[in-house]
Amino acid sequence: GQQVMQIPQYQHVQEGEDFTTYCNSSTTLSNIQWYKQRPGGHPVFLIQLVKSGEVKKQKRLTFQFGEAKKNSSLHITATQTTDVGTYFCAGQAAGGTSYGKLTFGQGTILTVHP
Amino acid sequence: AAGVIQSPRHLIKEKRETATLKCYPIPRHDTVYWYQQGPGQDPQFLISFYEKMQSDKGSIPDRFSAQQFSDYHSELNMSSLELGDSALYFCASSPGQAYTEAFFGQGTRLTVV
């Protein structure tokens, strides 16, 4: 079945440093979504990437989707303490009948030290 | 804005008991998903419904069943509970099946003792 690998598992940064998490799927994706989960909270949608090579920005966050639609990255510039949480990538498979089902990566736990 | 409502928020059950988790999707969302998230783990897909019909099935044990009702709310029924079933159970809804974001509820924390 489809697998989504995400690295690193943990990332500790000083406030103001940059942060990047990487995601790789075993199969081609129709789209990839990114979610943030605060401690004790639920996953909250950040963005969806659909097109090959797509790059999207949200303030200090930059999301990329690979040309082969199998990998993705999230980069945060100048982290703030409010960025703390677990960042998950989640892929939807291309083709087949698994419409809508999200396969999550393992997540990257981001800790920001003030 | 209305969000996905899950009840109960917390549930403590003994081994071999049964549990029923409820989910009320965002109005006009026709797709509901159930995910299980163990401690320190990523959400694992259990089952989904589109327009009240089961649309996909993931790693859901045979002891679990789910359905979506005419008012689009969904219930996850869990029987013969095991210690390993202790987890956060999230329901999510979306306006369509593919290429749409999932809106997650607050989750139900199930503890089996």
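See the structure above.
Residues numbered from 1 in each chain as written. Chains lettered and ligands numbered in written order. Predicted model: local features only at pLDDT ≥ 70, side-chain atom pairs only at ≥ 80, totals over all residues. Heavy atoms only, no water.

Draft legend 1. Summary view of the pattern of salt bridges. One pass over the full model with this rule turns up five salt bridges over all chains. Close ionic contact of Glu54 of chain A with Lys56 of chain A constitutes a salt bridge, the shortest N to O distance being 3.8 Å. According to the relative accessible area criterion, Glu54 of chain A is buried, its value standing at 16%. A salt bridge links Asp83 of chain A to Arg60 of chain A; the nearest nitrogen and oxygen atoms lie 2.9 Å apart. With Asp83 of chain A in the loop between strand S8 (71-76) and strand S9 (85-93) and Arg60 of chain A in the loop between strand S6 (55-58) and strand S7 (61-65), this residue pair connects regions lying 23 residues apart in the sequence. Taking the relative accessible area as the measure of exposure, Asp83 of chain A reaches 5% and is therefore buried. Three or more residues joined by partner-sharing salt bridges are found here, namely Arg63, Glu82 and Asp85 of chain B. (Salt bridge = Lys/Arg side-chain N within 4 Å of Asp/Glu carboxyl O. Buried < 20%, exposed > 50% of the residue type's maximum accessible area, 1.4 Å probe, protein only. Helix = DSSP H or I, 4+ residues; strand = E, 2+ residues; numbered from the N terminus.)

Draft legend 2. How the structure looks around the interface of chain A and chain B. In this complex, chain A contributes 22 residues to the contact, which on the side of chain B involves 19 residues. Of the roughly 1,700 Å² buried where chain A meets chain B, counting both sides, 55% is carbon and sulfur surface. One can count zero salt bridges joining chain A with chain B. Here chain A is connected to chain B by five residue pairs in polar contact (both at pLDDT 80 or more). Those elements that place two or more of their residues in the side of chain A that touches chain B are strand S4 (29-37), strand S5 (44-49) and S9 of chain A. Here the side of chain A that touches chain B gets five residues from one element, more than from any other, and that element is S4 of chain A. For the side of chain A that touches chain B, a count of residues per class yields eight nonpolar, 13 polar and one charged. (Contact = heavy atoms within 4.5 Å. Buried area = accessible area lost by both parts, 1.4 Å probe. Polar contact = N/O pair within 3.5 Å; in protein donor to acceptor, adjacent residues only side chain to side chain. Nonpolar A, V, L, I, M, F, W, Y, C, P; charged D, E, K, R; others polar.)

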